[in-house]
Amino acid sequence: MAFATIDMTKGITGVTPTANGGTGAASYAPGKILQIIGAETSTETSSSSTTYADTSLTATITPSSASSKILVLVHQTSIMKNSSDNGGKLQLLRGSSALKMFENDFGRDGSSGLNIVGGTGIVYLDSPSTTSATTYKTQLACSVTAAASIVVQHNSSVSTMTLMEVSA
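Just so it is clear, the structure is predicted and the values come from calculations on it, not from any experiment. (Residues numbered from 1 in each chain as written. Predicted model: local features only at pLDDT ≥ 70, side-chain atom pairs only at ≥ 80, totals over all residues. Heavy atoms only, no water.)

Notably, Ser78 is not glycine yet its phi reads approximately 45°, a positive angle. On the secondary structure map, Ser78 appears in strand E5 (residues 69-81). Judged by relative accessible area, Ser78 falls into the buried class, the value being 19%. A positive phi is found at Asn155, a non-glycine position, where the angle reads about 55°. Take Asn155: it is sitting in the loop between strand E10 (150-152) and strand E11 (159-166). (Helix = DSSP H or I, 4+ residues; strand = E, 2+ residues; numbered from the N terminus. Buried < 20%, exposed > 50% of the residue type's maximum accessible area, 1.4 Å probe, protein only.)

Below, the structure written as structure tokens:
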């Protein structure tokens, strides 16, 4: 899994001692992007359980202020069901807390055959209220039955997550 951090001071001219373009935390202007973290995975993950399991798509950010918001952008690729009239669901978590289910019953088409859906995603604005390292991840589970598996990142396709700290 690759992680990327963008240094907001690169290419900026003049006196800018902090990444927000100001002189410190007291000068954060609302709505400015303070940092961006990117992560990706191509690990195929499957489940045949109605209990949520990690998809291997995860990213961690350490907010510079407890009042900052985190904009989470997720693109989960190659989601599918293998067989039976099953479906899958995906949710976004912060730590161990579920924030939002963003896909429910993907792949379910009334047939017992393979059904590759494509991709799905979510854009979510979170308020973690912390300056500690904060991990976001996605999880999948069967939405109907535990009889057949559902899959994400089928054939090693790449799913991505981008975290942006936004000043409040």
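Structure shown, so let's carry the discussion forward.
The antiparallel open sheet is built from four strands, whose spatial order is E4-E9-E6-E7. Either end of the sheet is taken by a strand with one partner, and the two such strands are strand E4 (53-61) and strand E7 (97-106). With direction set aside, neighbouring strand axes in the sheet form an average angle of 15°. One ladder, built from seven bridges, connects strand E6 (residues 88-94) with strand E9 (residues 134-142); its direction is antiparallel. For Leu93, the partnering residue across the bridge sits in E9 and is Lys137. (Pairing = 2+ DSSP bridges. Axes fitted to C-alpha atoms, helices over the stretch in contact; angles between N-to-C directions.)

For the rest of this paragraph, the subject is the pattern of salt bridges. The final tally for this structure, using the stated rule, is two salt bridges. With a closest N to O distance of 3.2 Å, Lys137 and Asp54 form a salt bridge. Linking Lys137 in strand E9 with Asp54 in strand E4, this pair joins segments that are 83 residues apart in sequence. Accessibility expressed as a relative area gives 41% for Asp54, which makes it partly exposed. With its nearest N and O atoms 2.6 Å apart, the salt bridge here joins Arg94 to Asp126. Remark: Asp126 occurs in strand E8 (residues 115-126) and Arg94 occurs in strand E6; sequence separation between them is 32 residues. The exposure class of Arg94 is partly exposed, given its relative accessible area of 23%. (Salt bridge = Lys/Arg side-chain N within 4 Å of Asp/Glu carboxyl O.)

On to the side chain of Ser78. Within the local environment of Ser78, its side chain forms a polar contact with the side chain of Ser157, the two groups lying 3.0 Å apart. Every residue in contact with Ser78, bar those within four places of it in the chain, is listed here: Gly118, Gly119, Val151, Val152, Gln153, His154 and Ser157. (Polar contact = N/O pair within 3.5 Å; in protein donor to acceptor, adjacent residues only side chain to side chain. Contact = heavy atoms within 4.5 Å.)

Here the focus is the nonpolar core. The biggest cluster of nonpolar side chains holds 23 residues, and the ones touching the most others in it are Val72, Val74, Leu90, Leu92, Tyr136, Met161 and Leu163. Per-element accounting of this core gives the leading share, four residues, to E5. (Core = buried A, V, L, I, M, F, W, Y, C linked by side-chain atoms within 4.5 Å.)

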